[in-house]
Amino acid sequence: MIIEPRTRGFICLTAHPKGCEQNVIDQIEYVQSKGNIDGPKKVLVIGASTGFGLASRITSAFGSDAATIGVFLEKPPSEGRPASPGWYNSAYFEEQAHKAGLYAKSINGDAFSHAIKDQTIKLIKEELKEIDLVIYSLASPVRTHPDSGERFKSVLKPLEGTFRNNTVDFHTGKISEISIEPGNEEDIKNTVTVMGGEDWKMWMDALQKANVLAEGCKTVAYSYIGSELTEAVYRKGTIGKAKDDLEATAFSITDSLEKLNGKAYVSVNKALVTQASSAIPVIPLYISLLYKVMKEKNIHEGCIEQIQRLFSDRLYTSTTEIDDEGRIRIDDWEMREDVQAEVAELWKKVTTETLPKLGDLEGYNKDFFNLFGFKVAGIDYDKEVNEMVQIPGLQ
Ligand code: NAD
Ligand code: NA
């Protein structure tokens, strides 16, 4: 079939297999161009199919020759209906890994459930025996609690009064003011239950109990801090409470891994266009301005550049540099004083009319479509493609 983008708000309902394949190949080539990392050998990535998780899987495999098991929740294709992009990414990642002689298998299902944890552990026991790195990179708006069966929905709300600020519709470039009413205790609880650390801890406890964690293993989850411009709705909002909880969980996981001499980290990453971040109000406008400033300074990075740097300069070095709160910071360039000052200046001035010039709306847009395999250089979108791509190592 011929596949075109069909967008609805901040989601795209279609995905292009060839474009997703090219994205994966580009990321692999980037990692290979940076040379070998003396890194992990047997890696479990939870949330492995897109964004930072996919970049973690690619960096492990092609930077450090690691065997990888990827867990994700993606929609398979059906006749005449393309799969979700993470499905195609995983299919082509595996194809490339297998070609390179690397072990790669995948599990598609709800990572929050006991069943998927059990299935993953069974696979590790049978095939890899043990894991030396667990990446936790889930981003989800909902979680069904595995014990109670209760379904929780996260919300993106401020907590310190009504939040008013500019936001952009990144399809049209139209800037408008939004106003978001503050969340309450219930909103905090729901958001922490979905995006906080409980499930990460459940995974690590289950893996440890099953004896499939290697001596000296590491685990990393991803967090975000960001600028003063977005903090009312992000870091000081309901999602920020969930990130506080995730960050605190790193310490309790490290404690529980003591016998194995294991360690849990949170890495604070840069703001980037992903399916998760395009849904957050205000963030797309911030990213458009941030991209402009960082590209001009030649310090722009995408997911793969961020994670390659995380592995090579932070995680797999003699000492892992951390901040006062014990976190790894690869948002260091985003948070640089000169970068933040220039973004704040642009923020004051930017209007619908000036955004194309002051910001990098075009870059935002391109990255958004790229997530779904569209607008990727070298792909002929007029050509028929087979949507029925299968994931070779899907369990
Ligand atoms: P993403 O949407 O690209 O990836 C989410 C992944 O989670 C996908 O692999 C998806 O299949 C998987 N997933 C979602 N629900 C699942 C479920 N129930 N079971 C199994 N898999 C499921 O998101 P991302 O932006 O890469 O986010 C990953 C982490 O990085 C999040 O913790 C996010 O907060 C953090 N982070 C993101 C940014 C950013 O700007 N995008 C910045 C810093 C940190
Ligand atoms: Na991810």
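Residues numbered from 1 in each chain as written. Chains lettered and ligands numbered in written order. Predicted model: local features only at pLDDT ≥ 70, side-chain atom pairs only at ≥ 80, totals over all residues. Heavy atoms only, no water.

**Details of the environment of Val45**
Here is step 1: Structurally, Val45 can be placed in strand S3 (residues 42–46).
Here is step 2: For Val45, a relative accessible area of 0% translates into the label buried.
Here is step 3: In this structure the C-alpha to C-alpha distance between Val45 and Glu384, which are 339 residues apart in sequence, comes to 33 Å.
Here is step 4: In this view, Val45 contacts Gly53, Arg57, Ile69, Gly70, Val71 and Ile135; residues no more than four positions away in its chain are not counted. (Helix = DSSP H or I, 4+ residues; strand = E, 2+ residues; numbered from the N terminus. Buried < 20%, exposed > 50% of the residue type's maximum accessible area, 1.4 Å probe, protein only. Contact = heavy atoms within 4.5 Å.)

**Topic: the coordination of the sodium ion (ligand 2)**
Here is step 1: Taken together, Gly47 (O), Thr50 (O), Gly53 (N) and Ser137 (OG) make up the full set of protein donors to the sodium ion (ligand 2), lying 2.7 to 3.1 Å away.
Here is step 2: The coordination sphere of the sodium ion (ligand 2) comprises 6 donor atoms, whose angles at the metal cover 66 to 175°; the geometry is irregular.
Here is step 3: Donor residues for the sodium ion (ligand 2), ordered by position in the chain, follow G-x2-T-x2-G-x83-S. (Donors = N, O, S within 2.8 Å, 3.2 Å for Na, K, Ca; no water. Tetrahedral: all angles 85-135°; square planar, octahedral: opposite > 155°, others 65-115°.)

**Digging into the pairing of strand S10 (residues 174–180)**
Here is step 1: Of the strand pairs in this sheet, strand S9 (residues 163–169) and S10 are connected by 7 bridges, and their pairing is antiparallel. Its bridge partner lying in S10, Phe163 is registered against Ile180.
Here is step 2: Where S9 hands over to S10, the hairpin turn is made up of 4 residues, of which Gly173 adopts a positive phi near 80°. (Pairing = 2+ DSSP bridges.)

**Points about the nonpolar core**
Here is step 1: Among the nonpolar cores identified, the biggest contains 91 residues, and Ile58, Phe62, Tyr286 and Phe311 are the most heavily contacted of them.
Here is step 2: Per-element accounting of this core gives the leading share, 9 residues, to helix H8 (residues 283–296).
Here is step 3: Setting aside chain neighbours within four positions, we find Phe62 in contact with Ile28, Val31, Gln32, Phe93, Gln96, Ala97, Ala100 and Leu102.
Here is step 4: Ranked by size, the runner-up nonpolar core spans 33 residues in total, among them Ile116, Ile124, Ala210 and Leu260. (Core = buried A, V, L, I, M, F, W, Y, C linked by side-chain atoms within 4.5 Å.)

**Observations concerning the packing of helix H1 (residues 17–33) against helix H9 (residues 303–315)**
Here is step 1: Between H1 and H9, the least distance of the axes is 10 Å, while the angle of their chain directions is 35°. Considering the relative orientation of H1 and H9, their crossing is right-handed. From H1, Gln27, Tyr30 and Val31 reach across to H9, where they touch Ile304, Glu305 and Gln308.
Here is step 2: Residues of the contact of H1 with H9, tallied by class, amount to 3 nonpolar, 2 polar and 1 charged. (Axes fitted to C-alpha atoms, helices over the stretch in contact; angles between N-to-C directions. Left-handed = near helix turned anticlockwise from the far one by under 90°. Nonpolar A, V, L, I, M, F, W, Y, C, P; charged D, E, K, R; others polar.)

**Description of the sheet that holds strand S5 (residues 104–108)**
Here is step 1: Pairing within the open sheet is parallel, and its 7 strands lie in the order S5-S4-S3-S6-S11-S12-S13. Lying at the two open borders of the sheet, with one neighbouring strand each, are S5 and strand S13 (328–329).
Here is step 2: Contacting S3, strand S4 (67–72), S5, strand S6 (131–136) and strand S11 (213–223), helix H2 (residues 51–64) runs over the sheet at an angle of about 170° to S4.
Here is step 3: Against the sheet, helix H6 (residues 198–209) touches S3, S4, S6, S11 and strand S12 (263–268), its axis set at about 170° to S11.

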